[in-house]
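# Per-entry structural report
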Amino acid sequence: MDGRQGLLGQRRRSLVSALSSGTAGVFLAAVVWKAAHGNDLTTVANLMTVAGSLVSAFIAIVGWNRSPSVDVDALDTARRNLARTLLGTYREERKNLLGNDFKAIDVGFSYTPEPGRNAANAQSAGSFDRIADYYRQLYPRRLVITGPPGSGKTLLALELAVRLLEDREAEDPVPFKVSLATWDTDVPLADWLVEELSRLPGCPQSLAAMLVHDRSILPVLDGLDEMVDANDTNRRSRAALTALNETERGEPLVLTCRRDAYDAMRASRCWLQDCARVELHDVSPHHAREYLERRAHDTGLWRDVLHDIDRRQSGVLATTLTTPWLLTMVSTVAEADRDTAFLQPFLDQPARSDTVSAFERELLSRYLSSVTSLHPLPGGRHYDHGDVHRWSSRLADHLRETGGRVFGGRLMSGREITRHELWPIAGSRLPRVVTAALTVAMWVPVFVSLGVCLSRQRFFPQPGAGILLLLSLLPLAAVLSSLGHWPQPRRVILGNLVTARGGGRVACAAGLGTVLAANGAAVFPAGFGLMYGAGFALVFGLGLTVSVRSDIHLKAALSAALAVGLAGGAGAGAALQGFGAFAGLVAGLAGGALALAVAVHVGIALARRRGGGLPDQDEPGLPSPDSALHNDFVAGVVAGAITGIIAFVVAWRASWMSVPLPLAVVVGSSAFLAAGPGFTSAVSRRYVALLLCTRGRLPWRLARFLRWARTAGIMRIASTAYQFRHDRLLQWLGR
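Notes on the structure in this doc start here. Computed from a predicted model, the values in this text were never measured in an experiment.

### So, the overall build of the protein chain
Scanning the protein chain for helices and strands turns up 27 helices and 12 strands. Intrachain contacts of the protein chain at a sequence separation of at least 6 include 77% that bridge at least 24 residues. When the accessible surface of the protein chain is summed, it comes to about 30,800 Å², and 58% of that surface belongs to carbon and sulfur atoms.

The structure is reproduced here in structure tokens:
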């Protein structure tokens, strides 16, 4: 895409939006003139006012139907920033995989040619420390890393990404590591990479799309063997290889897969073409000795163990401690016990299958208790080992039961734990019902307090009943959203107000507000109609700009908002027109909130049908598994605070309400609770419902436990999700 064309297109859309807003303003001025001079305008003029405002709103919608383009000149800067961000992330992940160490075992690997279409210049052998040099010699640069479980496939791919980033030239693609378990192969690889890349800081969806389509990204695809479906077959992994061979032929990439899974696909004539496949070696006794001695606090305790590894090459220790994962576990358990006595029963033992299995079970059973004792919580307190085992097993069971299945229209991962999407662990219905009940509970106080205020002013049965009926549309929308499967996290990005896209959305909201004001002033008292349009535009415009993702289908969202605004304005005008302009403002604020909820749902649904509906980038700083819930909570606090302040002022100072200060404070506080946690923060409500539904099975402070598990070496972080550190640990816990 040419940068000048993108900028010209952006300027044209900005000009169209500005003209449409100006047109809407002219028609609004006509309505104001009417209000100032009485009903002097003819019926034809009234109709022209309404029709003209509708046309101006339509022009605004059409004029801003696409996101502004990203200047191609920004690609170099984007690549540099992305490389810097990912380098810090991958270094931290590498340290975590090494058990908070800095030096990995220099495991070797061998080139395993395929029957045909192999990459050129592949050397017969290589090593962990020389992986970047090995990769750079390949043509094309397509590498498949295979090996047995625990052999260090992910670590080797991560090491390659780190070294390529450390020595990266300006035009080199940026290595981007992603877990293949989350790829729905019905979605093109490029679109999926855009979705994953747009979760990173400073990389909005439009820029992510340019990076991917410009081939500025080197996909590092981890875990082909993890793409299991509900029937435990390799259908998805075969589909992935087919897609990589057809749509990504010859393009650089790195792929990891378990040896047995890849051999099974190879036997059925399915493998990655135009690549070099390398097979990781077992850790040699020499390298195992070096690793254990370097990690040992007291090498004297390891004398018998090391002697057994050297002397009995066919013994259980020498034949089993051949992978980095098992060596890490042995070292961790010995560090926790400050002894190697647990290995004594396996010295001088032949490597029979039953002995090897018993040894692995012993390590796994001791590993959780060891990391629990080695890693205290802040303040020095330790988790109970039994609790850690029970909670971890429940999470592993959930992954095993749901992995590869479609739930609520979404393909479930058998590897990734995302806190705000973990609720199916408590059942398919109960968490949604509890979320709806929490929503109702958060709205009850505002109805009670508002009812008291209206009763004091003798507004019952009318218009008090009408006011409460109109207000009930908001909790109804929130309850219906709560019963859905996958509520969307909300975010507040104030910086959007100064962007071109933000300005366009504000212009669209102003156009809608003008339409509603024109129609309201034509049908109801002018002051009421004008303030209704202004309140609607304020809430809808700010919400659409600062908290709605960038690639929503804007035309559909605005059309839905217009329909809701017109219907809400008609109902509010019929019930409240006699209470003046201030009542129109309050009705407009409520109508804007309801329209925003409906518009977001409609806009995202239609965007997803067209391959969009992707989340925006995370806030500046490294993304984390806590980002979505944190952003959703902050958005609720902001929305609740604004609504609460407005409700407080209305209850205390409005001439037609004017209640005592304590009651006004109650009204404001209950409005904060209803509009914030009870309306905006849908994901936060679902998370609270999850915690309520899993009491005793998961910790109440689940976020703290997952962060601790990552520090302790039970979990690792993959982008914005947690994963168990190793498949063998996952299988043992979920057995």
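Okay, back to it.
### A look at the sheet that holds strand β4 (residues 174-179)
The strand order across the open sheet formed by seven strands is β2-β1-β7-β3-β6-β5-β4, and the pairing between neighbours is mixed. The outermost strands of the open sheet, each flanked by one partner alone, are β2 (125-127) and β4. Taking the axes of each pair of neighbouring strands and ignoring which way they run, one obtains an average angle of 25 degrees across the sheet. Running over the sheet, helix α6 (residues 189-197) touches β4 and β5 (217-222) and is turned about 95 degrees from β4.

### So, the packing of aromatic side chains
Inspection of every chain in the model, using the stated rule, returns 17 aromatic pairs. Ring centres 5.7 Å apart and planes at 20 degrees place the aromatic pair tryptophan 183 and tryptophan 192 in the stacked group. Summarising the aromatic geometry, the rings of tryptophan 423 and tryptophan 486 are spaced 5.3 Å apart at their centres and angled 55 degrees between planes, so their arrangement reads as tilted. On the criterion of sequence distance, the pair formed by tryptophan 423 in the loop between β10 (416-417) and α16 (430-456) and tryptophan 486 in the loop between α18 (473-482) and α19 (500-523) is long-range, its members being 63 residues apart. Taking the relative accessible area as the measure of exposure, tryptophan 486 reaches 14% and is therefore buried. Three or more aromatic residues joined by ring pairs make a cluster, and in this case those are Tyr383, Trp391, Phe705 and Trp708. Sitting above the plane of the tyrosine 687 ring, arginine 419 keeps its charged end 4.9 Å from the centroid.

### A short note on the pairing of strand β12 (residues 721-724)
For a regular strand, side chains alternate in direction, first toward one face of the sheet and then toward the other. Side chains Ala721 and Gln723 of β12 all project onto a buried face; the interleaved residues Tyr722 and Phe724 project onto the opposite face, where all are buried too. Both β10 and β12 contribute to a ladder of two bridges, which runs antiparallel. Each bridged residue has a counterpart across the sheet, and for glutamate 416 the counterpart in β12 is glutamine 723.

### A short note on the sheet that holds β10
To summarise the sheet geometry, strands pair through backbone hydrogen bonds and adopt either a parallel or an antiparallel arrangement. The three strands lie next to each other as β10-β12-β11, forming an open sheet whose pairing is antiparallel. Edge positions in the sheet fall to β10 and β11 (715-718), since each has one partner strand and no second. Contacting β11 and β12, helix α26 (residues 702-712) runs over the sheet at an angle of about 100 degrees to β11.

### Here's the deal with the environment of proline 463
With respect to the helices and strands, proline 463 occurs in the loop between α16 and α17 (464-471). Those residues in contact with proline 463 that sit more than four places away from it in its chain are Ala575 and Phe579.

### What about the nonpolar core?
In this structure, Leu143, Leu197, Leu224, Leu317, Leu395, Ile714 and Phe724 are the most contacted members of the largest nonpolar core, which totals 139 residues. Broken down by element, the residue count for this core peaks at nine residues, all from helix α5 (residues 153-166). Leucine 395 has contacts with Ile417, Leu422, Ile425, Leu698, Phe705, Leu706, Met715 and Phe724, leaving out every residue within four places of it along the chain. If you look at the next biggest cluster of nonpolar residues, it comprises 52 residues, including Val564, Ile604, Ala647 and Phe679.

About the criteria used
Residues numbered from 1 in each chain as written. Predicted model: local features only at pLDDT ≥ 70, side-chain atom pairs only at ≥ 80, totals over all residues. Heavy atoms only, no water. Helix = DSSP H or I, 4+ residues; strand = E, 2+ residues; numbered from the N terminus. Contact = heavy atoms within 4.5 Å. Areas by Shrake-Rupley, 256 points an atom, 1.4 Å probe, with all protein chains shown as cover. Pairing = 2+ DSSP bridges. Axes fitted to C-alpha atoms, helices over the stretch in contact; angles between N-to-C directions. Phe/Tyr/Trp six-rings, centres within 6.5 Å; stacked < 30°, edge-to-face > 60°. Buried < 20%, exposed > 50% of the residue type's maximum accessible area, 1.4 Å probe, protein only. Lys NZ or Arg CZ within 6 Å of the ring centre and 35° of its normal. Core = buried A, V, L, I, M, F, W, Y, C linked by side-chain atoms within 4.5 Å.

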